[in-house]
Amino acid sequence: MRYGLFSDIHGNLEALQAVTAALNEENVDIFWCLGDIVGYGANPNECLEQVWDTTSDVIAGNHDFAAVGKVDLTYFNRNAAEAALWTMQNLSRAGSSYLSNLPFVLRNGEVMAVHATPSEPGKWGYILSLSIAEMEFGALPADVTVCFVGHTHDPVIFYSDDEDYGVVPGMQCNLIPGLRYIINVGSVGQPRDGDPRAAYCVYDSDTSLVEIKRVVYDVDEAQKKIRKAGLPEFLATRLAFGQ
Ligand code: ZN
């Protein structure tokens, strides 16, 4: 089974179109969307429609719930809160009711996905370090060997053999039987690892190969739309730097 995994689209239609096209060339069997379809970017409704065309396997991100009043905006920084209010005002009725009903977890046998953390997917904690990943490995269901996450916008592959923990160097690896993995698939629409290209992940459960890939998209156009919508300028400028 080939999984196509993508997360943190954030209303960036140009990035989502590039990732969808790239995944369509990967002979993917199952598409998993790990949340934050909306928030920050200027095309929340168009991104929702694109996701609906692609998959029904979708989980909630904190920005999805913020846009429908299910996350308190006091937890957001000023730009994020401003963008969440804009999204709330511009979201279609269908989009709003869809986002309100998203689940927290996707599961298929030993493969699982959450937006934030496996321990408390609705608390929106961030797996920003190996020590946090170590605690999260302890929270994985016993029969899960690989858990995909988003939320930090920073792609990374953590592994655990229950005594030792580490980060796999690079952006691809063959999963080793007996080890467990927490894999951040990176962000489609707002990368923050210094690489402005859109990120996505392909996992082939037959060959056990995981690859986090990047694709260029029309950053200029996404920036123009953010400015035209009157969203905070920083949300446009950061796209060019992947920050
Ligand atoms: Zn996000």
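What counts, and at which threshold
Note that residues are indexed from 1 along each chain, following the sequence as it is written. Thresholds applied to this predicted model are a pLDDT of at least 70 for local features of residues and 80 or more for the giving and counting of side-chain atom pairs; totals over whole chains, interfaces and linings are not thresholded and use all residues. Remark: hydrogens and water are excluded; side-chain values derive from all non-hydrogen atoms of the structure. Each helix is a run of DSSP H or I of at least 4 residues and each strand a run of E of at least 2, with the numbering of both proceeding from the N terminus. The rule is simple: take the accessible area with a 1.4 Å probe, protein chains only, and divide by the maximum for that residue type; under 20% is buried, over 50% is exposed, in between is partly exposed. Excluding water, the donors of a metal are its N, O and S neighbours within 2.8 Å, or within 3.2 Å for Na, K and Ca, and that exclusion means sites may look incomplete. Metal sites are grouped by the angles between bound donors: all angles between 85 and 135 degrees with four donors is tetrahedral, opposite donors over 155 degrees apart with the others between 65 and 115 is square planar for four donors and octahedral for six, and any other pattern is irregular. Between any two strands, at least two bridges found by DSSP are needed for them to pair. Axis angles are defined between N-to-C directions and span 0 to 180 degrees, where every axis is a line fitted to C-alpha atoms and, for a helix, only to the segment in contact. Contacts: residue pairs with any heavy atoms within 4.5 Å of one another. Pairing of aromatic rings covers Phe, Tyr and Trp, the last through its six-membered ring, and needs centres within 6.5 Å; plane angles under 30 degrees mean stacked, over 60 mean edge-to-face, and all others mean tilted. Only one rule defines a salt bridge in this text: a Lys or Arg side-chain nitrogen within 4 Å of an Asp or Glu carboxyl oxygen.

### Observations regarding unusual backbone geometry
Leaving glycine out, the prevailing phi sign among residues is negative, and the prevailing peptide bond configuration is trans.
Here comes step 1: Of note, the phi angle at Asp-8 is positive, near 50°, even though the residue is not glycine.
Here comes step 2: The residue Asp-8 is located in the loop between strand S1 (2-6) and helix H1 (13-24) in this model.
Here comes step 3: We note that Ser-208 has phi near 65°; this positive angle belongs to a residue other than glycine.
Here comes step 4: Tracing the backbone through its elements, the reader meets Ser-208 in the loop between strand S10 (198-204) and strand S11 (209-215).
Here comes step 5: Accessibility expressed as a relative area gives 19% for Ser-208, which makes it buried.

### Overview of the coordination of the zinc ion
Here comes step 1: At 2.0 to 2.3 Å from the zinc ion lie its protein donor atoms, namely Asp-8 (OD), His-10 (NE2), Asp-36 (OD) and His-153 (NE2).
Here comes step 2: One way to put it: the four donor atoms around the zinc ion meet at angles of 86 to 179°, and that makes the site irregular.
Here comes step 3: Read in sequence order, the donor residues for the zinc ion give the motif D-x1-H-x25-D-x116-H. Note that Asp-8 is positioned in the loop between S1 and H1 and Asp-36 in the loop between strand S2 (30-33) and helix H2 (44-54), a separation of 28 residues in sequence.

### Regarding the sheet that holds S2
Here comes step 1: Ordered in space as S2-S1-S10-S11-S8, the five strands form an open sheet in which the pairing is mixed. Strands at the two margins of the open sheet, each flanked by one partner only, are S2 and strand S8 (172-174). When the angles between neighbouring strand axes are averaged without regard to direction, this sheet yields 20°.
Here comes step 2: Pairing of S1 with S2, which is carried by four bridges, proceeds in the parallel orientation. Following the sheet pairing, Phe-6 is matched in S2 by Cys-33.
Here comes step 3: Here H1 sits on the sheet in contact with S1, S2, S10 and S11, set at roughly 25° to S10.

### Some points on the packing of aromatic side chains
Geometrically, a pair of aromatic rings is defined through the distance of the ring centres and the angle of the planes.
Here comes step 1: On inspection of all chains with the given rule, the structure shows eight aromatic pairs.
Here comes step 2: Summarising the aromatic geometry, the rings of Trp-52 and Tyr-98 are spaced 5.2 Å apart at their centres and angled 75° between planes, so their arrangement reads as edge-to-face. Linking Trp-52 in helix H2 with Tyr-98 in helix H5 (residues 93-100), this pair joins segments that are 46 residues apart in sequence.
Here comes step 3: Among the aromatic side chains, those forming a connected cluster through ring pairs are Tyr-3, Trp-32, Phe-148 and Tyr-203.

### What to know about the pattern of salt bridges
Here comes step 1: In total, this model carries 12 salt bridges according to the counting rule given.
Here comes step 2: The partner of Arg-227 in a salt bridge is Glu-233, and the shortest N-O contact between them spans 2.9 Å.
Here comes step 3: Judged by relative accessible area, which is 40%, Arg-227 ranks as partly exposed.
Here comes step 4: A single network of salt bridges, built from pairs that share partners, joins Arg-2, Glu-26, Asp-204, Glu-211 and Lys-213.

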